[in-house]
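Inside the fold
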Amino acid sequence: MLLSGFGQVLSCVHSTFLWMELSTLLHDLHLSPSSEKPLPSASLPPITELLSRMQEKLIGVSSESERISLIGHLECLFQTADPHWLFCPASTNQDDGWVELRVSYGSLVSALIGCAALPLCEDDCGSLPAAAYQSVPSRAAPVCSALTALLGTLGNGAGHTGLLMTVGPPVCVFAVTHFQDQVWTSSSSRAAAKSLQEALLRAGGWRDSAHLLMGDGSQEKRGILGGILDILQPQLTKDSWQRCEAVKLVFAWTLLQVTLPSLSPHLPRLLPPSLLLNDHHRPENCMLGVRCLHHIVLNTPAADLRQFNTAEVLYQALFKHLYTTEAAVIQAVLPCVLDLLLVLETPPSSLSPSSSRRKPGHHDDVLRLVLTHMEAEHKVVLRRVYASALPPYIDRMGVAICRHLRRVERVVLGYLEVRDPPEETSRLKILEVLQKTIRAAWPRMQCRVDVLLRCLLKLLLDVCSDSQLTDPVRQKLTGQTVLCIGLLDGCLDGGLQSLLQQVDSSCCSSEMLRCLATVTMTTDR
């Protein structure tokens, strides 16, 4: 009993202290006389008047300490004031009153967010040093706390959907800006921003970030994607998007949350910034743009992409990257182009035998260019990227790979000759390419068996004698090589058996002989 009474006294003292802070704040703003007693909502000025004065003070404050103190007072206001006073219009005309209230809160939230705004680059082609962002985390944390308090009180009431839809977009943009691991954030500011994002989800009853943006189609659970794009779009023009480092990251985060069927209606607003990023000369921006375009391709109906020749525009924007020597860019572009080709034309592998002779198309253009670059490539990293991306293209071509057999053969021979330690990624992927090619074009392989068999036997000999390879990698290489030899044997209806039996046992290891012995007469075409 004694402890319970003491707790109630402490709660009462704490509440009175907070209201004293609010009364002092109102006195400082010249809106109400100072009073040590909690102020009833009837004695307070209209909330729109208070918000307007607070906005003016936030914008006009000169010292950092005054700004932090003022933000703290705002947090106290949102935590302790009567919610009815905070979120109800003072005007007798309800429609005008709600509009005025939303405008007032929108302006205040913008002023709060401006207290922790990132500095802008003076030109559109440079970037600021890390020192320029040194003060941002310490300013962002209190802003996050104040906005979290606002959303906490706003979410506890009902009928505030319109107000939440007004403050939600700028709050979300601010939270996403500051919860990412970047030079303008610290561990404490990131934690505060994540708490702010969670408070926003709770206030609107959204399940997650995707639900926050897209909603569920009902009036009660609308998404805020449109509002976020309204904020970002003026900053994502050709002349301005590079001035703020965070804008591209917030845009990419937003886009990657949006999936079918919500993306298509916003495509005219999402595609231009993605193309801007894709066209940039810096690899990190280019890869971000490719990632955005790939997401658009996967989450937009093919009919919508074909409309207004959009798919062809995407193809041209991505195809030019196939000439780059940046391995990371090539790695991002090749899967994206492969998915886009499904929109542009029918996959060659799906054509029936009774179809008329197929004319070369985009699939052939891409594969021809990739194989040409693979032949001349000497950088190990790029060779791995190309080799890893090639098998899906062979699958997509099907029997139409016959048009490219000479190039495929040269690539296979060149890549199997060169070691790729420690995982031998290039060799393993090229062996997979060879298997898929033999299965798809087996009637055309007979004239190539001699060259391919010689290369495979040499590979088997090298692998079995290479002491630097780990056992798992050696087993993978020998297994895939033997499988290729078996497939070639099947193309000749078992004609390789006699040749394999003539292998000189004095020139190879017992391990290699055991591998060759596993080649059987039955092969899978």
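Refer to the structure printed above.
The notes below deal with the structure included here.

So, about the overall build of the chain. Broken down by element type, the chain carries 24 helices and zero strands. Taking all 525 residues of the chain together, the buried fraction comes to 49%. In the chain, the share of contacts with a sequence separation of at least 24, taken over all contacts with a separation of at least 6, comes to 69%. A total of about 24,900 Å² of accessible surface is found on the chain, and carbon and sulfur atoms cover 54% of it.

With that out of the way, let us pick up the nonpolar core. In terms of nonpolar packing, the biggest core is built from 165 residues, with Y105 and L151 touching the most fellow members. Not counting chain neighbours up to four residues away, the residues in contact with Y105 comprise I47, L51, F78, L86, F87, L150, L163 and V167.

Attention now moves to helix α21 (residues 449-465). Note: α-helices contain 3.6 residues per turn, so residues at a spacing of three or four share the same orientation. Helix length check: α21, at 17 residues, gives a terminal C-alpha distance of 24 Å against a target of 24 Å (1.5 Å per residue), a fit within 8%. Three or more residues of α21 are buried, namely V449, L452, L453, C455, L456, L457, L459, L460, V463 and C464.

The next point concerns the packing of aromatic side chains. Counted by the stated rule, this structure contains five aromatic pairs. Relative to Y105, the ring of F87 has its centre 5.7 Å away and its plane inclined at 35 degrees; by these criteria the two rings are tilted. With F87 in helix α4 (residues 83-87) and Y105 in helix α5 (residues 94-114), the pair connects residues that are 18 residues apart, well separated along the chain. With centroids separated by 6.1 Å and ring planes inclined at 75 degrees, the aromatic side chains of F319 and Y323 adopt a geometry described as edge-to-face. Taking relative accessible area as the criterion, Y323 reaches 54% and is therefore assigned exposed. Ring pairing ties together the aromatic residues Y315, F319 and Y323, which thus form one cluster. Of note, R383 hangs over the ring of Y415, and the distance from its end group to the ring centre comes to 3.9 Å.

Looking now at unusual backbone geometry. Of note, the amide linkage connecting L260 to P261 takes the cis form, showing an omega dihedral of -5 degrees. The residue P261 is located in the loop between α11 (245-257) and α12 (267-278) in this model. Of note, the amide linkage connecting P421 to P422 takes the cis form, showing an omega dihedral of 0 degrees. Position of P422 relative to the elements: it lies in the loop between α19 (405-416) and α20 (425-440). A positive phi angle, close to 55 degrees, is found at E424, a residue other than glycine. Counting through the fold element by element, E424 comes out in the loop between α19 and α20. Take E424: its relative accessible area is 0%, and that puts it in the buried class.

Turning to the side chain of Q435, a few remarks are in order. As for its position among the elements, Q435 is in helix α20. Overall, the relative accessible area of 6% leaves Q435 in the buried class. Ignoring sequence-local partners within four residues, the contact set of Q435 consists of Q480, L483, C484 and L487.

It is worth spelling out the environment of Q180 at this point. Within the fold, Q180 resides in the loop between α7 (161-179) and α8 (187-204). The class for Q180 is buried, based on a relative accessible area of 17%. Sequence separation between Q180 and A246 is 66 residues; the distance between their C-alpha atoms is 9.3 Å. Those residues in contact with Q180, other than ones at most four positions away along the chain, are T185, R190, L249 and V250. At 3.2 Å, the side chain of Q180 and the backbone oxygen of V176 are in polar contact.

Now for the pattern of salt bridges. As enumerated under the stated definition, the model contains 17 salt bridges in all. Taking the shortest distance from any N to any O, the salt bridge between D471 and R474 comes out at 3.1 Å. With D471 and R474 both in helix α22 (residues 471-491), this residue pair falls three residues apart, about one helical turn.

Once that is clear, we can look at the side chain of S240. Within the secondary structure, S240 is located in the loop between α10 (225-232) and α11. Side-chain polar atoms of S240 contact the backbone oxygen of P234, separated by 3.4 Å. Polar side-chain contacts of S240 include one of 3.4 Å to the backbone oxygen of Q235. Setting aside residues up to four positions removed in sequence, S240 forms contacts with P234 and Q235.

Turning our attention to the packing of α7 against α8. Viewed as axis vectors pointing N to C, α7 and α8 meet at an angle of 155 degrees, and their least axial separation amounts to 8 Å. Taken together, the axis directions place α7 and α8 in an arrangement best described as roughly antiparallel. Here the hand of the crossing between α7 and α8 comes out left-handed. Across the interface between the two elements, L164, G168, V171, C172, F174, A175, H178 and F179 of α7 pack against S189, R190, A193, K194, L196, Q197, L200, A203 and G204 of α8.

The next thing to look at is helix α3 (residues 64-80). Taking 1.5 Å of rise per residue, the 17 residues of α3 would be expected to cover 24 Å, and the 25 Å separating its terminal C-alpha atoms lies within 8% of that figure. Of the residues making up α3, those classed as buried are R67, L70, I71, H73, L74, C76, L77, F78 and T80.

Turning our eyes to something else, we now look at the packing of helix α16 (residues 327-344) against helix α17 (residues 362-376). Where α16 contacts α17, the axes come no closer than 10 Å and their chain directions differ by 160 degrees. Our classification of the angle between α16 and α17 gives roughly antiparallel. Seen from above, α16 lies across α17 with left-handed handedness. Contact residues: α16 offers L334, V337, L341 and L344, while α17 offers H362, H363, V366 and V370.

The rules behind the values
Residues numbered from 1 in each chain as written. Predicted model: local features only at pLDDT ≥ 70, side-chain atom pairs only at ≥ 80, totals over all residues. Heavy atoms only, no water. Helix = DSSP H or I, 4+ residues; strand = E, 2+ residues; numbered from the N terminus. Buried < 20%, exposed > 50% of the residue type's maximum accessible area, 1.4 Å probe, protein only. Contact = heavy atoms within 4.5 Å. Areas by Shrake-Rupley, 256 points an atom, 1.4 Å probe, with all protein chains shown as cover. Core = buried A, V, L, I, M, F, W, Y, C linked by side-chain atoms within 4.5 Å. Expected span 1.5 Å × (residues − 1). Phe/Tyr/Trp six-rings, centres within 6.5 Å; stacked < 30°, edge-to-face > 60°. Lys NZ or Arg CZ within 6 Å of the ring centre and 35° of its normal. Polar contact = N/O pair within 3.5 Å; in protein donor to acceptor, adjacent residues only side chain to side chain. Salt bridge = Lys/Arg side-chain N within 4 Å of Asp/Glu carboxyl O. Axes fitted to C-alpha atoms, helices over the stretch in contact; angles between N-to-C directions. Parallel < 35°, antiparallel > 145°, perpendicular 65-115°, else oblique. Left-handed = near helix turned anticlockwise from the far one by under 90°.

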